[in-house]
Each structure stands twice: as C-alpha cells, then as structure tokens.
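# Notes for the structure review
So the chains spell out like this:
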Amino acid sequence: MGLVAVCSRSTSRSSYACIMVTMMLLLAYMPCEAHLSSTFYDKMCPNALNTIRTSIRTAVSSERRMAASLIRLHFHDCFVQGCDASILLDEAASTTSERNARLNLNSARGFNVIEAAKSQVESICPGVVSCADILAVAARDASVAVGGPTWTVKLGRRDSTSASLSQAETDLPRFTDGLEKIISLFDNKGSHTIGQAQCVTFRDRIYNNASDIDAGFASTRKRRCPTNAPDGDSNLAPLDLVTPNSFDNNYFKNLIQRKGLLESDQILFSGGSTDSIVSEYSKSPATFNSDFASAMVKMGDIDPLTGSSGVIRKLCNSIN
C-alpha cells in the first residue's frame, strides 16, 4: 500500500510552493460519501473543463513553479473545512481569511491564477461553476502540465461563505513535524515532488551536522542559505535537486541518499515505517504516479458542499 499525501511545510516567513508526498496509507481507506460526478457540468457548461485547462496551461507555461503552487493550494483548501474554496476568500468584515494562517501567509500562492480561470469560465457560463471545482480541476491540470499523472476530477462542489483561520492554524502540517504527527494529521483527513522551500525552513537541518543528511548536499545548500538569520531567509532552494520543476520520483531517490531538504522530508526515510514505501516509489515511477492520482481523488472528496449548501461565488475571493 502506498503512502502518499499532500503536505505543506511553511512558516509565516516562508514563501515556497511545495507539494509534499507523505501519505496515502490512510487516504486509501477513507470512505467516499461525497455526491460528486465527473459529468456534472456536461450539460450546464460543456466547455468548462477545456476553458480551465487552457487557463492553467498558460499560467504554468509562464511560471513552471506555479504547478506546485496550485496543487498545494488545493491541498490547503481541502484540509480546512473541506474542499470548499474557503482558502480563496480575502479578509473581510464577515470573514477571517485563511490566507493569514502561519502556514499560508507569504507562502500560499496561485490565487490570481484561479481567479483568472474563474473569470474565463464566468464569461461562458455565468453563475454555474464553483471556485472549489475550478481549484480541484486546476490541481489536476497543473500536474499534467509538468509531466505528472492525470486523474478524473469529480465535480459538483459549491463554495463556502466562510473561512476558518483557527482550523488553518491547527490542521495543516508543519515542515518540522515528525512522522507520527504527520500521520495523525492525515488520519483525520484522508504529495510533494516538485516545488521550492525558503532557507528559513531548512537552515537548521543543513547546519546541524546530523547523520541523516549528506555532507555534500548540506554544503551545496549552504551556498544560498547563510548561517545567521535573517540573512537569506527568503532564498529559495528546490526540493528536488535533479528535476526541480518536473513531477517525478527523484524526490524519493534523494531521500534514500539522505538529501531530503526539510526535516519532514527526510523523516520519511529514517528507519521508520515509511522506509519501504519510499524505496518502492524510488524504483517505480508508475506506482507513485498511480498512488498520487488516487490520493488526489480521495482528497477531493473531503467534506464538499453540495446540493443547496454553499453558493457559487462570482469572484473567488469574495462572497458578494
């Protein structure tokens, strides 16, 4: 059984897009009760998916890193109140924005890309397609755009009229979390192979001279990550040295070589229960791709608003 997850590690100072691979073990057994359908818009807005796909391809073509940002944005949405586009809401008198949570502030990105896709969909089918569905489709299309797997996105979600800053503070994994904490977080809900991290999130790891990090790798990373904060705090480094902007299994090969950039990366291959899964994924890209796609489908089923619940926002960042 594969262990795939979409996990984030960030602080209020970090501005990186990372799509993490941590778990599918529990997602695989999560019951699917959402009343969603891949054909939901076939009659109401038959060109919706093509319109979203074109918009996302354009955005990723302009900035390849955006693919990781969009997958992460979908993950951060689904883990707080369910897949309801609550993360897209701006701060307002009646709404406390999840964007201000420590794990999102100056870190979560891609909001403008989703807003642009929504605008294009609204121009052909006003008031029909939800921001929550656009975000789910965007994650899939972003994966494909950088050579990752595809999957069938189930549709029919509606948008929330509220957000939860407090839940965002408690339900999103941190870059320093240990394996047990990461697993417990995913146990309540249900991968990252591309993206970048800021120096502030991995400085301690590369300077602590521990046995779980390759000395040459640490030396390379020190070049753009000075010893003393706040110097270089925002300097970026790719999670994957070999293919930083492509979706593949090199991330797992790096872990076996003790070249995980973040603490919560390397913990996946550190003599624990996930070592065998990392080994399997390092040898079989097909297995990883399949498990990742399955995990994304499962994640998209987390507590969606359907039927008469929620609304269809005209603008993704506002309930008005």
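Calculation rules
- Residues numbered from 1 in each chain as written.
- Predicted model: local features only at pLDDT ≥ 70, side-chain atom pairs only at ≥ 80, totals over all residues.
- Heavy atoms only, no water.
- Helix = DSSP H or I, 4+ residues; strand = E, 2+ residues; numbered from the N terminus.
- Phe/Tyr/Trp six-rings, centres within 6.5 Å; stacked < 30°, edge-to-face > 60°.
- Buried < 20%, exposed > 50% of the residue type's maximum accessible area, 1.4 Å probe, protein only.
- Lys NZ or Arg CZ within 6 Å of the ring centre and 35° of its normal.
- Core = buried A, V, L, I, M, F, W, Y, C linked by side-chain atoms within 4.5 Å.
- Domains from an automatic or database assignment.
- Contact = heavy atoms within 4.5 Å.

Looking along the chain, the bond that leaves A229 and enters P230 is cis, with omega of 5°. With respect to the secondary-structure elements, P230 resides in the loop between α8 (215-222) and β3 (236-238). With a phi angle near 70°, Q81 is a residue other than glycine that sits in the positive phi range. Here Q81 is to be found in the loop between α2 (66-78) and α3 (111-124). Positive phi, normally seen in glycine, also occurs at N106, with a value near 55°. Positionally, N106 belongs in the loop between α2 and α3.

A few words now on the packing of aromatic side chains. Scanning all chains against the criterion turns up 8 aromatic pairs. Look at F40 and Y41: their rings are 5.0 Å apart centre to centre, the planes differ by 90°, and that puts the pair in the edge-to-face class. The exposure class assigned to F40 is partly exposed, which follows from its relative accessible area of 37%. With a centroid separation of 6.0 Å and an interplanar angle of 65°, the aromatic rings of W151 and F292 are classed as edge-to-face. Judged by relative accessible area, W151 falls into the buried class, the value being 8%. In this arrangement the basic side chain of R99 is found over the ring face of F111, its NZ or CZ atom lying 3.8 Å from the centre.

Attention shifts here to the nonpolar core. Of all hydrophobic cores here, the largest spans 60 residues; its most connected members are I56, L73, L88 and I114. Take this core: its biggest share by element is 9 residues, from helix α4 (residues 131-145). Looking at which domains feed residues into this core, each of domain 1 (47-172) and domain 2 (179-296) gives three or more. Among residues more than four places away in sequence, those in contact with L88 are L73, R99, F111, I114, C131, R313, C316 and N317. Counting 12 residues, the second-largest nonpolar core is a separate cluster that includes F217, C225, L261 and L262.

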